[in-house]
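# Structural description and commentary
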Amino acid sequence: MVVRETLPSARELVLIQLLCEGHTDEAAARRMNLSVRTVRRMTQQLMGHLGARSRFEAGVLAARMGLI
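Presented here is a report on the structure given in the accompanying data block. For every chain, the first residue of its written sequence is number 1, and the numbers climb from 1 along that sequence. Reporting in this predicted model follows two pLDDT cut-offs: at least 70 for local features of residues, and 80 or more for side-chain atom pairs to be given and counted; totals over whole chains, interfaces and linings ignore these cut-offs and use all residues. Heavy atoms from the whole structure form the basis of all side-chain values; hydrogens and water molecules are not counted.

### Looking at the packing of helix α1 (residues 10-20) against helix α3 (residues 36-50)
- The axes are straight lines fitted to the C-alpha atoms, using for helices just the contacting stretch, and the angles between their N-to-C directions are given from 0 to 180°. Helix numbers and strand numbers start at the N terminus; a helix is a DSSP run of H or I with at least 4 residues, a strand a run of E with at least 2. With their axes 10 Å apart at the nearest point, α1 and α3 run at an angle of 100 degrees to one another. As far as their axial angle goes, α3 and α1 are roughly perpendicular. Contacts between α1 and α3 pair R11, E12, L15, I16 and L19 from the former with T38, V39, M42, T43, Q45, L46 and H49 from the latter.
- In the contact of α1 with α3, the residues fall into 6 nonpolar, 4 polar and 2 charged. If an angle is under 35 degrees, it is roughly parallel; if it is over 145, roughly antiparallel; if it lies from 65 to 115, roughly perpendicular; otherwise it is oblique. Whether two residues are in contact is decided by their heavy atoms: any pair within 4.5 Å suffices. Classification used: nonpolar for Ala, Val, Leu, Ile, Met, Phe, Trp, Tyr, Cys and Pro, charged for Asp, Glu, Lys and Arg, polar for all others including Gly.

Structure, rendered in structure tokens:
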């Protein structure tokens, strides 16, 4: 697992919180006033920031790091 030097952005933190609460990409997009495509791209970027290979792992790592 490789963690990037930079921390997730504020928007990415909101996104990971919504996804950890069980929101779908579509629901998160509506809540954040973004397109579904943008949410999916942000999810991939967030996974890269955290060094996660899956959305589930991203949530676990974010929780362990105290980000959510």
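Still to come is the rest of the account.
### Focus on helix α2 (residues 25-32)
- Between buried and exposed lies partly exposed: a residue is buried under 20% and exposed over 50% of the maximum accessible area for its type, with that area taken using a 1.4 Å probe on protein chains only. Among the residues making up α2, those that are buried are D25, A27, A28, A29 and M32.
- Contact partners of the buried residues in α2: α1, α3 and α4 (55-64).
- Remark: N33 follows α2 within two positions and exhibits a positive phi of approximately 60 degrees.

### Notes on α1
- For α1, the complete set of buried residues consists of E12, L15, I16, L18 and L19. The buried side chains of α1 occupy one side of the element, clustering within an arc of 160 degrees when seen end-on.
- Next to the buried residues of α1 lie α2, α3 and α4.
- Immediately downstream of α1, the backbone of G22 shows phi near 100 degrees, a positive value. This arc is taken over the directions from the axis of the helix to the C-beta atoms.

By themselves, these figures tell us nothing about what the structure is for.
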